[in-house]
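Architecture at a glance
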Amino acid sequence: MSNLQTIGQQAQASAQVLSLLSASEKNHLLAAMADALEKATEKILAANQQDLTAAKAKGTSQTMLDRLLLTEQRITEMANGIREVAQLPDPIGAVDKMWRNADDLLIGQQRVPLGVIGIIYEARPNVTTDAASLCFKSGNAVILRGGKEAFHSNQVLVTILQEALAANGHSRHAIQFIEDTSHETAAKLMRLTDYLDVLIPRGGAGLIRRVKETATVPVIETGTGNNHIYIDQAAQLPMALAIVTNAKTQRPSVCNAIETILVHEAVAAEFLPMVEQQFADQVELRGDQKALAFLNNAQLATEEDWATEFLDYILAIKVVASLEEAIAHINRYNTKHSEAIITDDYFASQRFLKEIDAAAVYVNASTRFTDGFMFGFGAEIGISTQKLHARGPMGLEALTSTKYIVYGEGQIRK
């Protein structure tokens, strides 16, 4: 039996036990995991330093190093994220609705765990604790396969969580970590249909494409974020500038940052110089021919730029003649993640909300809010950009399924 099969069997057995735990029992264990993380801060930072040293030696970009970096504050935030998950209502066992049918059967739809969840992810160690806590609270065992960039960080984080479980009388196999970071082992995990109920990839376009093409396990696609903001002719330009600045520069390496702005031609002459002055030497601007007429230090955008998730201090800019042109551009190039319109025109905002195909669509707000924590879900398992099962930030309820519970009094079908 392979190591993966052993891990799968252990996860299945643990999932059965975990599904029967009460909310208070799960919350107690989550609190223990959070405390254990904070107590092991120095150990975690030492492991993370190993990963950072290796990444710097490979010439990893500053934005990607930021994704990898752990600090005392970030570890505290990870621990608090687990505590916040513990405070959330437990969806397991909840009955969404109940009704009587024509035969007087009482039928209910009840929330149950998915079972065993596999997570394949790249260079963000916080995914380890987010995924572990959300899966645990929703009654699911989890098998984690992180990228080699964060191997030492992930390994020590999982060990700490497992030891906290074991110290409190629960199986450490509820949270497991695959130490082999090879593509071959990842491919085997994607086909572990006897044990995995669902697989969730979190990472760049290459990883997600590889999982979609390889997996035989059901996949929930968490997407890349080629996101846009459209500045309408009825926009308040100071507000638009503040939102664009936040969405592009607060943390450009994350999937809810923007990559392109579309500017109505009626306000381009006023707005684009404001953008250029705001970003100065911080952000590289790439504009279409119309945009270049209003910019002093920008290069001509290529077709590839419109379709690229830069994850860096690069912004593509297109001047459009109408709301219709903006919507058409977005729906052609976006990755169904997060899109925004800045406008005081109610009818334009409603048309944008209706016609844009994305998991989250905003009016007069930054796309940076597409996040499970910001939506009130606690931590998130990822942001689904597909339409089946779950869409948008995935919290506890997205990690459940339902079963029908049926009460009778001797009825037989005639």
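Predicted model only: the values in this text are computed from it and were never measured. (Residues numbered from 1 in each chain as written. Predicted model: local features only at pLDDT ≥ 70, side-chain atom pairs only at ≥ 80, totals over all residues. Heavy atoms only, no water.)

Examining helix 10 (residues 237–249)
One turn of an α-helix holds 3.6 residues; hence residues three or four places apart share an orientation. Quick note on the threshold: A run of H or I in DSSP counts as a helix once it spans at least four residues, and a run of E counts as a strand once it spans at least two, with each numbered from the N terminus. What a helix should span is 1.5 Å times the count of its residues minus one. Each residue gets one of three labels from its accessible area relative to the maximum for its type: buried under 20%, exposed over 50%, partly exposed in between, using a 1.4 Å probe on protein chains only. Contacts are assigned to residue pairs that have any heavy atoms within 4.5 Å of one another.
Between its first and last C-alpha, helix 10 extends 18 Å over 13 residues, near the 18 Å set by a 1.5 Å rise per residue. What helix 10 keeps buried is the set Leu237, Ala240, Leu241, Ile243, Val244, Thr245, Ala247, Lys248 and Thr249. Summarising the contacts, the buried residues of helix 10 are in contact with strand 7 (227–231), strand 8 (258–264), helix 11 (265–279), strand 11 (314–320) and strand 12 (338–342).

Here we look at the side chain of Glu339
To keep things clear, this is the line we draw: The charged-residue count follows a simple rule in which Lys and Arg add positive charge and Asp and Glu add negative charge, with His and chain termini not counted at all. A side-chain nitrogen of Lys or Arg and a carboxyl oxygen of Asp or Glu constitute a salt bridge if their distance falls within 4 Å. Whenever a nitrogen or oxygen atom comes within 3.5 Å of another N or O atom, the pair is scored as a polar contact, on the condition that within protein one atom can donate a hydrogen and the other can accept it, and that pairs from neighbouring residues in sequence are kept only if both atoms are in side chains.
Tracing the chain through its elements places Glu339 in strand 12. As a buried residue without a salt bridge, Glu339 has its nearest oppositely charged side chain in Lys336, at a separation of 8.3 Å. In terms of polar contacts, Glu339 uses its side chain to reach the backbone amide nitrogen of His228, at 2.8 Å. Engagement of the side chain of Glu339 in a polar contact is seen with the side chain of Asn334, the distance being 3.3 Å. In contact with Glu339, other than residues within four places in its own chain, are Asn226, Asn227, His228, Ile330, Asn334, Phe352, Ile356, Ala358, Ala360, Val361, Tyr362 and Thr367.

Details of a nonpolar patch on the surface
Note the following rule: Exposure above 30% relative accessible area and the absence of a salt bridge qualify a residue for a patch, where like charges join within 9 Å and nonpolar side chains (Val, Leu, Ile, Met, Phe, Trp, Tyr) within 5 Å. Note that accessible areas follow from Shrake-Rupley with a 1.4 Å probe, and for residues the cover is restricted to the protein chains shown.
Nonpolar side chains collect at one region of the surface, where Phe369, Phe373, Met374, Phe375 and Phe377 lie side by side and expose about 470 Å² of accessible area between them. Of note, Phe373 is situated in the loop between strand 13 (360–363) and strand 14 (383–384). Looking at Phe373, the relative accessible area reads 47%, which means it is partly exposed.

A look at the sheet that holds strand 2 (residues 106–113)
Selection criterion: Pairs of strands are assigned from DSSP output, requiring at least two bridges between the strands. In this analysis, axes come from line fits to C-alpha atoms, helices being fitted only over the stretch in contact, and the angle between any two N-to-C directions falls in the range 0 to 180 degrees.
Spatially, the 3 strands line up as an open sheet ordered 1-2-16, and their pairing is antiparallel. Each of the sheet's edge strands pairs with one partner strand only, and the pair in question is strand 1 (95–100) and strand 16 (400–407). Geometrically, the sheet is characterised by an average inter-axis angle of 25 degrees between neighbouring strands, direction not taken into account. Where strand 1 lies against strand 2, 5 bridges are found, and the strand directions are antiparallel. If you follow Val95 over to strand 2, its bridge partner there is Gln110.

Looking at the packing of aromatic side chains
Aromatic rings considered in pairs are described by the distance between their centres and by the relative angle of their planes. Counted only if it meets this: Planes of paired rings set the category: under 30 degrees apart is stacked, over 60 is edge-to-face and the rest tilted, where pairs are Phe, Tyr or Trp rings (Trp by its six-membered ring) whose centres lie within 6.5 Å.
Per the stated rule, a full pass over the model turns up 4 aromatic pairs. Arranged with centres 6.0 Å apart and planes meeting at 40 degrees, the rings of Phe151 and Phe177 form a pair that is tilted. On the criterion of sequence distance, the pair formed by Phe151 in helix 7 (residues 151–167) and Phe177 in strand 5 (residues 175–177) is long-range, its members being 26 residues apart. Note on accessibility: Phe151 and Phe177 belong to one class, buried.

Quick look at the layout of surface pockets
Spelled out, the test is: Every definition here rests on a 1 Å grid over the protein atoms only: cavities are sets of points where a 1.4 Å probe fits but cannot get out, pockets are open sets enclosed by protein on both sides within 12 Å along at least five of seven lines, and lining residues have some atom within 4 Å of a point. Grid points are joined across faces, edges and corners, and a volume is the space filled by probe spheres set on the points. Under the scheme applied here, ten amino acids are nonpolar (Ala, Val, Leu, Ile, Met, Phe, Trp, Tyr, Cys and Pro), four are charged (Asp, Glu, Lys and Arg), and all others, including Gly, are polar.
Taken as a whole, the largest pocket holds about 900 Å³ of empty space. Glu77, Arg124, Asn126, Arg251 and Asp371 are the residues nearest the centre of the largest pocket, which is lined by 31 residues in total. Residue assignment for the lining of the largest pocket shows that the elements contributing at least two residues are helix 5 (72–87) and helix 6 (126–137). If you tally residues by element for the lining of the largest pocket, the top one is helix 5, at 6 residues. Taken together, the residues of the lining of the largest pocket sort by class into 11 nonpolar, 9 polar and 11 charged.

Quick word on the environment of Ile261
Along the chain, the position of Ile261 falls in strand 8. A relative accessible area of 0% places Ile261 in the buried class. In this structure the C-alpha to C-alpha distance between Ile261 and Tyr230, which are 31 residues apart in sequence, comes to 5.8 Å. The contact partners of Ile261, leaving out residues within four places of it in the chain, are Ile229, Ile231, Val244, Phe271, Leu272, Val275, Leu315, Ala316, Ile317 and Lys318.

Things to note about the pattern of salt bridges
Side chains that carry opposite charge are capable of pairing whenever their charged atoms lie near each other. Taken as a whole and judged by the stated rule, the model has 20 salt bridges. Its salt-bridge partner being Arg100, residue Asp104 comes within 3.4 Å of it at the nearest N-O pair. Here Glu397 and Arg111 are joined by a salt bridge, their closest N and O atoms 3.7 Å apart. One end of the pair, Glu397, is in the loop between strand 15 (392–393) and strand 16; the other, Arg111, is in strand 2, with 286 residues separating them in the sequence. Linked by salt bridges that have partners in common, Lys336, Asp357, Lys387 and Arg391 make up one network.

Remarks on helix 8 (residues 183–190)
When helix 8 is considered as a whole, its buried residues turn out to be Thr185, Ala186, Ala187, Leu189 and Met190. Tucked inside the fold, the buried residues of helix 8 contact helix 1 (3–18), strand 3 (116–121), strand 4 (141–145), strand 6 (198–202) and helix 9 (205–214).

Considerations on the UniProt feature "domain: Aldehyde dehydrogenase" (unreviewed entry) in the protein
Put simply, the rule reads: UniProt positions are given in the numbering used here, feature names are shortened, and annotations may be inferred rather than shown by experiment.
Following the UniProt record, the feature "domain: Aldehyde dehydrogenase" (unreviewed entry) maps to residues 8–279 and 314–403 here. Annotated as residues 314–403, this span is 23% helix and 27% strand, and its ends, taken at the C-alpha atoms, are 47 Å apart.

Side note on the sheet that holds strand 4
Spatial ordering of the open sheet is given by 5-4-3-6, a layout of 4 strands whose pairing is parallel. Lying at the two open borders of the sheet, with one neighbouring strand each, are strand 5 and strand 6. Direction aside, neighbouring strands of the sheet carry axes that sit 20 degrees apart on average. Across 3 bridges, the pairing between strand 4 and strand 5 is parallel. By the bridge assignment for strand 5, Val142 is matched with Ile175. Across the sheet, helix 7 touches strand 3, strand 4 and strand 5, and the angle it forms with strand 5 is around 150 degrees.

Some thoughts on the pairing of strand 4
Most of strand 4 is tucked away, with 5 of its 5 residues classed as buried. Of the two faces of strand 4, both are covered, the one formed by Ala141, Ile143 and Arg145 as well as the one formed by Val142 and Leu144. Where strand 3 lies against strand 4, 5 bridges are found, and the strand directions are parallel. Bridge assignment links Gly118 to a residue of strand 4, and that residue is Ile143.

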